[in-house]
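# Close look at the chain arrangement
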Amino acid sequence: RLGGEMINAYLIPLAQPGINPYEILIEVVQGRLPLLEKDYTEKFVSKAASRVIISPKTGIISSVEGIEKVFCNSYCRYFFQRYGIGDEMVGADVKFKNQEIGYIIAQCNNSEDIEKIVLNLVNKIKLIVQ
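Let us look at the structure shown here. Every chain is numbered independently, its residues counted from 1 as its sequence is written. Reporting of local features is limited, given that this is a predicted model, to residues whose pLDDT is at least 70; pairs of side-chain atoms are given and counted only at 80 or more, and all residues count toward the totals for whole chains, interfaces and linings. As a rule here, side-chain values cover all heavy atoms of the structure and leave hydrogens and water aside.

## Brief notes about the pattern of salt bridges
Take a side-chain nitrogen of Lys or Arg and a carboxyl oxygen of Asp or Glu: if they are within 4 Å of each other, that pair is a salt bridge. Enumeration according to the criterion identifies four salt bridges in this entry. The shortest N-O distance in the salt bridge between R51 and E115 comes to 2.3 Å. Pair noted here: R51 is in strand β1 (residues 47–54) and E115 is in helix α4 (residues 114–123), with a separation of 64 residues, a long-range link. Buried, partly exposed and exposed residues are distinguished by accessible area as a fraction of the type maximum, computed with a 1.4 Å probe on protein chains only: under 20%, between the cut-offs, and over 50%, respectively. Judged by relative accessible area, which is 28%, R51 ranks as partly exposed. Salt bridges linked by common partners bring R82, K97 and E100 together as one network. Numbering of helices and strands starts at the N terminus; helices are DSSP runs of H or I of at least 4 residues and strands are runs of E of at least 2.

## Considerations on unusual backbone geometry
Of note, the phi angle at K97 is positive, near 65 degrees, even though the residue is not glycine. Within the secondary structure, K97 sits in the loop between β4 (88–89) and β5 (100–108).

## So, the nonpolar core
Only buried residues count toward a nonpolar core, which is a set of Ala, Val, Leu, Ile, Met, Phe, Trp, Tyr and Cys residues joined through side-chain atoms within 4.5 Å. Core analysis: the largest hydrophobic core is formed by 21 residues, its most contacted members being I53, I61, V70, F79, I101, L121 and I125. Secondary structure elements with two or more residues in this core: β1, β2 (59–65), α3 (67–72), β3 (76–81), β5, α4 and β6 (126–129). The contact criterion used is simple: two residues touch if any of their non-hydrogen atoms lie within 4.5 Å. Look past the residues within four positions of I125 in its chain and what remains in contact with it is I53, E65, G66, I67, V70 and F79. Counting residues in hydrophobic clusters, the runner-up holds five residues, among them M6, L14, Y103 and I105.

## Concerning helix α1 (residues 7–15)
Along α1, the positions that sit buried rather than exposed are N8, L11, L14 and A15. Contacts made by the buried residues of α1 are with α2 (21–29), β1, β3 and β5.

## Notes on the sheet that holds β6
A strand pair is defined by DSSP finding two or more bridges across the two strands. Reading across from one edge, β4-β2-β6 is the order of the three strands in this open sheet, with antiparallel pairing throughout. Each edge of the sheet is formed by a strand with only one pairing partner; in this case those strands are β4 and β6. As defined by bridge partners, β2 adjoins β6 across four bridges and the pair is classed as antiparallel. Bridging from a neighbouring strand, S63 pairs with I128 of β6.

## Describing the environment of G66
Within the secondary structure layout, G66 lies in the loop between β2 and α3. Accessibility expressed as a relative area gives 5% for G66, which makes it buried. Taking the C-alpha atoms as reference points, G66 and R51, 15 residues apart in sequence, are found 15 Å from one another. What G66 contacts, discounting residues up to four positions off in sequence, is K124 and I125.

Pasting the structure below:
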């Protein structure tokens, strides 16, 4: 299936280099079946995950700290910041995805706990919203 947001662009290629979900999708749409197996998860060479940094409440962002700690962490592959100091956070009923400060994408070896790693990265970001 066609994944959402970061699945095809980042997570699958990090977990299994050489698999390009967009090329596979084009093959499938053209009536060809490019995949030999139904499940490739056991063949992944690493783990990858993404998490959204959410504003703790509505209001104006007065401080964002810890981004440099995330960027310098060896597990971090990408960090996309959507909002920063001075931006107003409102509820999803007012503006969709407005409380999403940014996105972290991490990668680790198969033997490591990707959930723990991502949580550690998320916890490095400190926001003050007033």
